[in-house]
Amino acid sequence: MHRRTLFRLAATSGAAVAAGLAATPAARAHPRPRLTVAADGSGDVATIQAAVDAVPSGNDARFTIEIAPGVYTGQVIVPADKPHLLLRGRGRHAGQVVIADDRANGTPRPDGGTWGTSGSASVTVDGADFAATNLTFANTFDEAAHPEITGRQAVAVLSRADRLTFDDVRFLGNQDTLYLNSPAADVPSRIYLRRCYVEGDVDFIFGRGTAVFDRCRIHSLSRGSATNNGYVTAPSTSVANPYGLLFSRCSFTSDAPPASVYLGRPWHPSQDPAAIGQTVIRDSFLAAHLGPAPWSDFGTWSWRDARFAEYHNRGPGALVTPDRPQLTDAEAVAYLPSAYLAGSDGWSPQC
C-alpha cells in the first residue's frame, strides 16, 4: 500500500493568500469563502497546508478548500482556531486526491528524538466542525524498507476536535491508521464517518473519541501470519463516557487467513484504569478472518473488562459464542448512531 507518487509543490504563501482575501470586498461578502489547491500551480495555492494557513483565524462559517486531483505530500495541521473547514476532493472518486506523509513513531526528527505516535500523523485536526469528502488520507511509511525503526505506529489522521464528518473518504495505513482522540480524557469528541474505507493491521482504529462508522468498509491487511494478523480497534474510551466506537451497517473484510484477525483489544494509555474502551458492532457483515474469539487482552488488561459487544451481525465471521458478547434487543436501542452523536447540542450529521 506504499504509494510513492510525488509532486513538486509550489511554495505559495498562505499568509499572502489570506491577505488577498481580506483585501477583496467580494471575498469578504461571500458567505462561503473557498480556495482551490492544485499541485500544478493552477489553483490559488499548491499545498494543502498553504490553504489551511490562509483561512482566517476564528473563522465562524464553512470555508471550503477544493482540491484538484493529485498526490499532496507533507504533514497537514488544522489548528483549533481554524474551525469549519471542508476539504473536498474534485476527482471522480476518492482515490484521485491523496493527502499523504510517510513518518512513523520511531522516525528520527530533524531536531533530535523521534516523532512519536501523535507526531507521526499525516493530518492532524484540532479545528471543530471539520469535514472532508471524496479524498484519501494516507500514511505511506514503509515498514519493510525501515527495519531499523521499531516504533512503527504511523497515523494517517489524528483528530482531537468535536463534530467532525468524513464522507466517502479513504484512510490508508498499517499500524494505527486512524487515531480518534479528544482534547482530554473527560472531554468527548464526536466523529461521523459515512461510506468510508479504512485499512490497516494493528490497532488501526483507536483512541477515546466517540465515533460512528456508518456503512463503511473496514479492511484488515494481512501480515503474513496464520494465526495473528492484527487488531481492528483499540478503544480507550473514558469510563465517564457512555459512547466509544460504533460500527453500524459496515463491512469487515480481509485477505488474511480465517480466524486470524481480532476485532479489538482495550487500550489503557499510561495504564489508565479509567480508560474502559468501548467498541460496538451492529447490523454489519463480518468475513471469515474473524474467528470465534475475536476480542483480545492488551497486556495485563482483560478484554472482558472492556465494553465490547455485537448485535445482529451476519457473514461467516459473525459467530455467536461465549467469547462474543451480544446486545439484547432492549439494550441495542441505546446504541444507535443518533445516541452517539447527539451530545448536549443535538448534533445530527447523519440526517
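Scroll up for the structure.
The rules behind each value
Residues numbered from 1 in each chain as written. Predicted model: local features only at pLDDT ≥ 70, side-chain atom pairs only at ≥ 80, totals over all residues. Heavy atoms only, no water. Helix = DSSP H or I, 4+ residues; strand = E, 2+ residues; numbered from the N terminus. Contact = heavy atoms within 4.5 Å. Phe/Tyr/Trp six-rings, centres within 6.5 Å; stacked < 30°, edge-to-face > 60°. Buried < 20%, exposed > 50% of the residue type's maximum accessible area, 1.4 Å probe, protein only. Lys NZ or Arg CZ within 6 Å of the ring centre and 35° of its normal. Pairing = 2+ DSSP bridges. Right-handed = clockwise from strand over helix to strand, strands pointing away. Salt bridge = Lys/Arg side-chain N within 4 Å of Asp/Glu carboxyl O. Axes fitted to C-alpha atoms, helices over the stretch in contact; angles between N-to-C directions.

A.B. asks: Can you walk me through the side chain of D203 in this structure?
C.D. replies: Here D203 shows up in strand β14 (residues 202-207). In contact with D203, other than residues within four places in its own chain, are D176, Y231, V232, T233, A234, R265 and F298.

A.B. asks: Explain the packing of aromatic side chains here, please?
C.D. replies: For any pair of aromatic rings, the description consists of the separation of the ring centres together with the inter-plane angle of the planes. Scanning the model with the defined rule gives 14 aromatic pairs in all. Relative to F171, the ring of F166 has its centre 5.3 Å away and its plane inclined at 70°; by these criteria the two rings are edge-to-face. Across the pair, F171 and F166 agree in class, each one buried. Taken together, F130, F137, F166 and F171 form an aromatic cluster joined through their ring pairs. Of note, R103 hangs over the ring of W115, and the distance from its end group to the ring centre comes to 4.2 Å. The ring of F298 is capped by R265, whose NZ or CZ atom sits 3.9 Å from the centre of that ring.

A.B. asks: Hey, could you run me through the pairing of strand β2 (residues 63-67) in this one?
C.D. replies: Across a regular strand the side chains alternate sides, sitting on one face of the sheet and then on the other. Within β2, five of the five residues are buried, which leaves it mostly tucked inside the rest of the structure. Residues of β2 alternate between two faces, with F63, I65 and I67 on one and T64 and E66 on the opposite face, all of them buried. Two elements, strand β1 (residues 34-37) and β2, share four bridges in a ladder whose sense is parallel. Among the inter-strand pairings, V37 is bridged to a residue of β2, identified as I67. Where the polypeptide runs from β1 across helix α3 (residues 48-54) and back to β2, its parallel neighbour, the crossover connection is right-handed.

A.B. asks: Sorry, what's going on with the pattern of salt bridges here?
C.D. replies: Side-chain pairs of opposite charge can arise whenever the charged atoms involved come near each other. In this structure the tally under the stated criterion is 17 salt bridges. Note that R163 is salt-bridged to D129, the shortest N-O span being 2.8 Å. You can see R163 sitting in the loop between β9 (157-159) and β10 (164-172) and its partner D129 sitting in the loop between β7 (123-125) and β8 (131-139), a full 34 residues away along the chain. When its relative accessible area of 23% is taken as the criterion, R163 is described as partly exposed. The class for D129 is buried, based on a relative accessible area of 16%. Through salt bridges with shared partners, a single ionic network connects D129, D162, R163, R190 and D345.

A.B. asks: Whenever I open this one, the pairing of strand β15 (residues 210-214) confuses me. Can you help?
C.D. replies: Burial analysis of β15 places five of its five residues in the buried class, the great majority of the element. Residues T210, V212 and D214 of β15 are buried on one face, and the alternating residues A211 and F213, pointing to the opposite face, are buried as well. As paired strands, β15 and strand β18 (residues 245-248) are joined by four bridges and run parallel to one another. Residue A211 lies in a different strand from β18, and its bridge partner there is L245.

A.B. asks: How should I be thinking about the sheet that holds strand β11 (residues 178-180) in this particular structure?
C.D. replies: Sheet strands associate in pairs through backbone hydrogen bonding, adopting either a parallel or an antiparallel arrangement. What the seven strands build is an open sheet, ordered β4-β7-β9-β11-β14-β17-β20; its pairing is parallel. The sheet terminates laterally at β4 (76-78) and β20 (262-264), the two strands that pair on one side only. Here the average twist between neighbouring strands, direction ignored, is 15°. Two strands pair when backbone bridges link them, and β4 and β7 are joined in this way by three bridges, in the parallel orientation. Considered in β7, the bridge of V78 is made with V125.

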